[in-house]
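Per-entry structural report
Next come the chains, spelled out residue by residue.
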Amino acid sequence: MKEYETVIGLEVHVELATKTKIFCGCSTAFGGAPNTHTCPVCTGMPGSLPVLNRKVVEYAASVGLATHCEITRYGRFDRKNYFYPDNPQNYQISQLYLPICRNGYVDIETPEGSRRVGIHEIHMEEDAGKLIHDDFLDCSLVDYNRSGVPLIETVSEPDMRSADDVIAYLEKLRMTIQYLGASDCKLQEGSMRADVNLSVREKGAEKLGTRAEMKNINSFRAIARAIDYERARQIDVLESGGSVVQETLRWDDTAGYTYPMRSKEDAKDYRYFPEPDLVPLVISDEFLDQLRQQMPEFREEKMERYRRSYDLTESEIEQITSARRMADLFEAVVDLGADPRETAKWLNGDILRLLKEEGKSANDVSLPPVYLAKLIQLVGAGTINRNTAKSVLEAIWKDPQDPEVYVQEHGLAIVPDNGALEKVIEEVIAANPKSVADWKSGKKKAVGFLVGQTMKAMKGKADPAAVNRMLSEKLARL
Amino acid sequence: MKITEYTARELSAAIRGGDMTVPEAVSGVLTEIRAKDKEVHAYVTVNEDDAMRQAENVQKRIEAGELTGPLAGVPVAVKDNICTNGLKTTCSSRMLGNFVPPYDAEAVTRMRQAGMVVFGKTNMDEFAMGSTTETSFFGPTKNPWNEEHVPGGSSGGSCAAVAAGEAVIAVGSDTGGSIRQPSSYCGVTGMKPTYGTVSRYGLIAYGSSLDQIGPVAKDVTDCALLLETIAGHDRKDSTSIARKDTDFSERLSAASEADLAGMRIGLPRDYYGDGLDEEVRKVMEDAAAMLRTRGAVVEPCDLGLVKYAIPAYYIIACAEASSNLERFDGVKYGYRAEDYEGLHDMYRKTRSQGFGPEVRRRIMLGSFVLSSGYYDAYYLKALRTKALIKAEFDKVFRDYDLILAPAAPTAAPKIGTSLQDPLKMYLSDIYTVSVNLAGLPGMTVPAGLTRDGLPVGAQLIGDCFAEEKIFRAALQLEKERGAFGRPAIFVKGA
């Protein structure tokens, strides 16, 4: 068998985090009863007209600047015409001729070293509504709540060679956009969607092979599987003397194979032309300067700074910086005087766990930094022990409030009175002769049970380390 | 005196002065419609009950001193492609035969705010595509001057309503002459303002880059008053312009008799060549003479590229229309075919049955010129031609204040003679379409009658934002001309 090289380019759609839609004032919030986040504009009523949301331009241009693109200074929108009921006007307002960003790149890290992936263009467009088939009534219904939600589509050059490259590229793009605050980039929820263009060619060949496009694959794992499958399929076709057909495929993640998609319109002639309802988009120097000034510290820079400034492990740094909001929280808590290592442990431990339990991601964290800082200080000062702190965190997580006040109101502070503790320990020793005997016979682990019993009797208001110390002393003296 | 004998400003003054009430004014117009519209068929929809309710409400607000404007209390007829909240808006098409908009067009909002009463919707060529109002799904409108003739189009209903005394004032829309040409045929005064002057929000689009809403009235001053009522920047329309000079009526009332002294008016040679009907030519010569009498210098000038305007216009308008009309698909509102199998069959049948032949023709034409492989040769070339035509006008306006042109090569043709030869019908738009391509303002003022008693209007064209100059010249032309006659039906007893 000949040796083949896989060539992959990506088209990535990202839903922007604007509060309102791209061409009207309707909310972009998820959920809501069908057709409640709608108006004459986003339902394609006769006579309605689009008005461009300036924030969309800001986000799109920022992503372009962050990915080293040229920004189109005199741009336009175009209409892409096709009939489908999820598209209320039967044309989508998009950009074909003069996309807002062109000729950029991102650098990705691969096992073979750094690789540069070119960005052909980034353009702005509107999302479509959602079709729902009602089997009971045997009819199709349309929900236009998503119609008009702003998207940017980032089209890469065919510069990727493997699933690893693709995932590194997507991760890089996701981090960049997320750090800009332009989108939360969630593949599962569809706020980031990737179409994979894949072809194979004999190793060393100049000419690109015929590509197939795989649509809307919604996890990194699925992308890797789909790429492996499609690469093998195309090589099989070529090896058996056939030729690859240029077509659009859908990846079935459960069955693990691709199959041709039914096209939305019979003929693929979108009859693009400049959108006459919108005026040309002129981007000024001042506008770009402002965006440049607003550029955040991106992940790589942040990781580098953390390595220099904090005594954290590489994996802690990776964890914290994997979500902009997490890193922001970390920095805010540390700025309030909390110990960086302690802060990192809380973030990567209990806080991630709480987020996961709620089905949220690291970028959804919304705990006020001052509460976490206080919680860490309470533990540091010995006012509460770590276990109490965990339950306090859970309480203030559900119902945000000052942990200091919470500890006070619930009487959770460690009792510094050693007399009380000593009395309880003596009672515990008296009540548990078997454990004491075990301890004496060398089973030193038995002390753990006694510590537990003491803590229970103290209702948690004791420092386990102090309990352990005092218990060991008493036992040794018996 | 009949209600419809008043000009709009006279009617409002009478109401505000307490000589008449708004319900009286509105019911006066409704009475005229009842008496005449079976013959003229200027209206698609009239909602009498709602009109009377609005009238009472406006009356109260006038009495309370909330409404004091010069058109307060005046009933206005609205072309049926301009959305009116709660009032059927059909574009004279089967496709929207049952469509009741949930919102008002911006122009309608502004008229309501000025205290005008929106009582009915006027007939038009289907989706504004046509020059005769014969392509209406609901049947043609008749020319009030001679019912065997068309009123012109596409705002034929609005112009016929004003001419017949079935409306005091009206609004129309103009994509390639749809206000100016029927104004000429019906002997009324109508203006298409500079592109961007009136918000297009709520105007059901035909050719988005060409469409403008404008007034249709009995005289120049009413036109100026209505235009300043509906003009103004609107954030909902990105192509709308913030102008500070829209107090047209005030500027006009300051005009003196000697207003035209030194004004230079050009007569483009290519507009007065072959193809111009001799009777129309005679009326135009008279109009030129009247303007000279009032002090203007009126002389031939050169305007280039005249013959390219029609192909450029039909390519651009149809291309935009083919896309604008895609939303009419039977899914969300309007007509849906009864029997179909599957989505594509539903689309095909709905659109084949819902649109008339002229609309289908223009959708096909527009889809063709946007198709890959033809886009550069047709659409892109037409856009370039559009820019060159604008440059030709710029050249003329370096030397001249205004252009005087016919609005159409002939007076109103007979009903049934135009649609058999669409190409010939398209060619008759020669004097109007280039104004839309260049985004300019243009106005038609009744200037004379043919031997058969059909009106002929003179068109004044200005540079962008030169409405004030047009109004001033038009007013002097109107004064020099004297009272314009009325069709027999106007005075017909109600």
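To be clear, the structure that these remarks concern was listed above.
Report on the accompanying structure. Note that the structure is predicted; figures quoted are calculated from it, not measured. (Residues numbered from 1 in each chain as written. Chains lettered and ligands numbered in written order. Predicted model: local features only at pLDDT ≥ 70, side-chain atom pairs only at ≥ 80, totals over all residues. Heavy atoms only, no water.)

Attention now goes to the overall build of chain B. Scanning chain B from terminus to terminus reveals 17 helices and eleven strands. What you see for chain B is a C-alpha radius of gyration of 21 Å, in line with the 23 Å of a compact globule of 494 residues. Projected onto its principal axes, the C-alpha coordinates of chain B cover approximately 65 × 55 × 45 Å. The burial tally for chain B puts 65% of its 494 residues in the buried class. Counting every atom, chain B has about 16700 Å² of accessible surface; 50% of that belongs to carbon and sulfur. Charge centroids of chain B, computed over 56 positive and 64 negative side chains, lie 3 Å from each other. (Helix = DSSP H or I, 4+ residues; strand = E, 2+ residues; numbered from the N terminus. Rg over C-alpha atoms; globule rule 2.2 N^0.38 Å. Buried < 20%, exposed > 50% of the residue type's maximum accessible area, 1.4 Å probe, protein only. Areas by Shrake-Rupley, 256 points an atom, 1.4 Å probe, with all protein chains shown as cover. Lys, Arg positive; Asp, Glu negative; His and termini not counted. Charge placed at Lys NZ, Arg CZ, Asp CG, Glu CD.)

Turning to the sheet that holds strand E3 (residues 117-122) of chain B, a few remarks are in order. All names here are of chain B. Strand order across the open sheet formed by eleven strands is E1-E3-E2-E4-E6-E5-E10-E11-E9-E7-E8, with mixed pairing between neighbours. Strands at the two margins of the open sheet, each flanked by one partner only, are strand E1 (43-46) and strand E8 (297-301). For this sheet, the mean inter-axis angle between neighbouring strands, taken without regard to orientation, is 30°. Two strands pair when backbone bridges link them, and E1 and E3 are joined in this way by three bridges, in the antiparallel orientation. (Pairing = 2+ DSSP bridges. Axes fitted to C-alpha atoms, helices over the stretch in contact; angles between N-to-C directions.)

Attention now moves to the packing of helix H8 (residues 340-357) of chain A against helix H10 (residues 386-398) of chain A. Residues and elements named next belong to chain A. In contact at an axis separation of 11 Å, H8 and H10 are set at 55° when each is read in the N-to-C sense. In this view, H8 runs oblique relative to H10, as classed from their interaxial angle. Judged by the twist between their axes, the crossing of H8 over H10 is right-handed. Residues Glu342, Trp346, Asp350, Ile351, Arg353, Leu354 and Leu355 of H8 form the contact with H10, whose participating residues are Arg386, Ala389, Lys390, Leu393, Glu394 and Trp397. Of the residues that constitute the contact of H8 with H10, the class distribution is seven nonpolar, no polar and six charged. (Parallel < 35°, antiparallel > 145°, perpendicular 65-115°, else oblique. Left-handed = near helix turned anticlockwise from the far one by under 90°. Contact = heavy atoms within 4.5 Å. Nonpolar A, V, L, I, M, F, W, Y, C, P; charged D, E, K, R; others polar.)

Our next topic: the packing of aromatic side chains. Residues and elements named next belong to chain B. Tallied over the entire structure, the rule returns 29 aromatic pairs over all chains. Considering the side-chain rings of Tyr374 and Tyr378, the 6.3 Å spacing of their centres and the 35° angle between planes classify their relative orientation as tilted. Classification of Tyr378 by relative accessible area gives partly exposed; the value is 33%. Among the aromatic residues, those joined into a ring-pair cluster are Phe99, Phe127, Phe328, Tyr333 and Phe355. (Phe/Tyr/Trp six-rings, centres within 6.5 Å; stacked < 30°, edge-to-face > 60°.)

Proximity of charged atoms lets side chains of opposite charge pair with each other. All told, the structure shown has 78 salt bridges over all chains when counted by the stated rule. A:Glu358 is paired through a salt bridge with A:Lys360; the nearest N and O atoms lie 3.4 Å apart. (Salt bridge = Lys/Arg side-chain N within 4 Å of Asp/Glu carboxyl O.)

Residue and element names in this part refer to chain B. Within the secondary structure layout, Glu478 lies in helix H16 (residues 467-481). Put simply, Glu478 and Thr189 are 289 residues apart on the chain and 9.8 Å apart in space, counted from C-alpha to C-alpha. Excluding anything up to four places from it in sequence, Glu478 contacts Thr189, Asp219 and Val220.

The interface of chain A with chain B comprises 35 residues on the first partner and 38 residues on the second. Its largest share of buried area at the contact with chain B, chain A owes to A:Pro46, A:Leu49 and A:Phe83, together 21% of the area lost on that side. Our count for the chain A to chain B interface comes out at two salt bridges. Taken together, the connections running from chain A to chain B amount to 20 residue pairs in polar contact (both at pLDDT 80 or more). When residues of the side of chain A that touches chain B are traced back to their parent elements, those giving at least two are strand E4 (78-81) and strand E15 (273-274) of chain A. Considered class by class, the residues forming the side of chain A that touches chain B number 21 nonpolar, seven polar and seven charged. (Buried area = accessible area lost by both parts, 1.4 Å probe. Polar contact = N/O pair within 3.5 Å; in protein donor to acceptor, adjacent residues only side chain to side chain.)

If you look at the biggest cluster of nonpolar residues, it comprises 273 residues, and the most contacted ones within it are B:Phe127 and B:Leu404. Tallying contributions element by element places helix H10 (residues 309-324) of chain B first for this core, with eleven residues. Each of two domains, domain 1 (7-198 + 265-286) and domain 2 (297-409) of chain A, supplies a minimum of three residues to this core. Apart from residues lying up to four places away in sequence, B:Phe127 is in contact with B:Cys91, B:Ser93, B:Met95, B:Leu96, B:Ile204, B:Tyr206, B:Leu325, B:Phe328, B:Phe355 and B:Val359. By size, the runner-up hydrophobic cluster in this structure holds 18 residues, among which are A:Val428, A:Val447, A:Met455 and A:Val467. (Core = buried A, V, L, I, M, F, W, Y, C linked by side-chain atoms within 4.5 Å. Domains from an automatic or database assignment.)

The subject of this paragraph is the side chain of B:Thr229. Residue and element names in this part refer to chain B. Counting through the fold element by element, Thr229 comes out in helix H7 (residues 220-230). For Thr229, a relative accessible area of 17% corresponds to the buried category. Those residues within four positions of Thr229 in sequence are excluded, and the remaining contacts are Leu71, Arg110, Met111 and Ala114.

Next up on the list: the sheet that holds strand E5 (residues 91-94) of chain A. Residues and elements named next belong to chain A. Taken in spatial order, the three strands of this open sheet run E5-E4-E15, and their pairing is antiparallel. The sheet terminates laterally at E5 and E15, the two strands that pair on one side only. Of the strand pairs in this sheet, E4 and E15 are connected by two bridges, and their pairing is antiparallel. Note that in E15 the partner of Asp78 across the bridge is Pro274.

This next bit is on the pairing of E4(A). Residue and element names in this part refer to chain A. Neither face of E4 is left uncovered, since the one carrying Asp78 and Lys80 and the one carrying Arg79 and Asn81 both have all their residues buried. Here E4 runs beside E5; their pairing, made up of four bridges, is antiparallel. Within the sheet, the bridge partner assigned to Asp78 lies in E5 and is Ser94.

Before going further, it helps to spend a moment on helix H4 (residues 285-294) of chain A. Residues and elements named next belong to chain A. Among the residues making up H4, those that are buried are Phe287, Leu288 and Leu291. Axial view of H4: buried residues confined to an arc of 95°, hence all on one face. Set apart from the buried face of H4 by more than 90 degrees, the exposed residues are Glu286 and Gln293. Buried-residue contacts for H4 involve helix H1 (54-66) and strand E2 (70-71). (Arc of directions from axis to C-beta.)

Residue and element names in this part refer to chain B. Across its 19 residues, helix H2 (residues 22-40) extends 25 Å between first and last C-alpha, which sits within 8% of the 27 Å expected from 1.5 Å per residue. In H2, a bend of some 40° at Arg34 exceeds every other bend along the element. Of the residues that open H2, the one with a side-chain oxygen 3.1 Å from the backbone nitrogen of Glu24 is Thr21. His41 occupies a position one or two residues after H2 and carries a positive phi of about 55°. (Expected span 1.5 Å × (residues − 1). Bend = angle between axes of the 7 residues up to and from the residue.)

Before going further, it helps to spend a moment on the environment of B:Ala205. Residue and element names in this part refer to chain B. With respect to the helices and strands, the residue Ala205 is situated in the loop between strand E5 (189-192) and strand E6 (212-217). Assessed through its relative accessible area of 15%, Ala205 is described here as buried. A sequence separation of 78 residues divides Ala205 from Phe127, and the C-alpha atoms of the two residues are 8.1 Å apart. If we skip the residues at most four places from it in the chain, Ala205 touches Asp211, Asn324 and Leu325.

This paragraph deals with the environment of A:Arg161. Residues and elements named next belong to chain A. Here Arg161 is to be found in the loop between strand E10 (150-156) and helix H2 (163-180). Looking at Arg161, the relative accessible area reads 21%, which means it is partly exposed. Sequence separation between Arg161 and Ala182 is 21 residues; the distance between their C-alpha atoms is 28 Å. Among residues more than four places away in sequence, those in contact with Arg161 are Glu5, Thr6, Val7, Ile8, Arg115 and Arg201.

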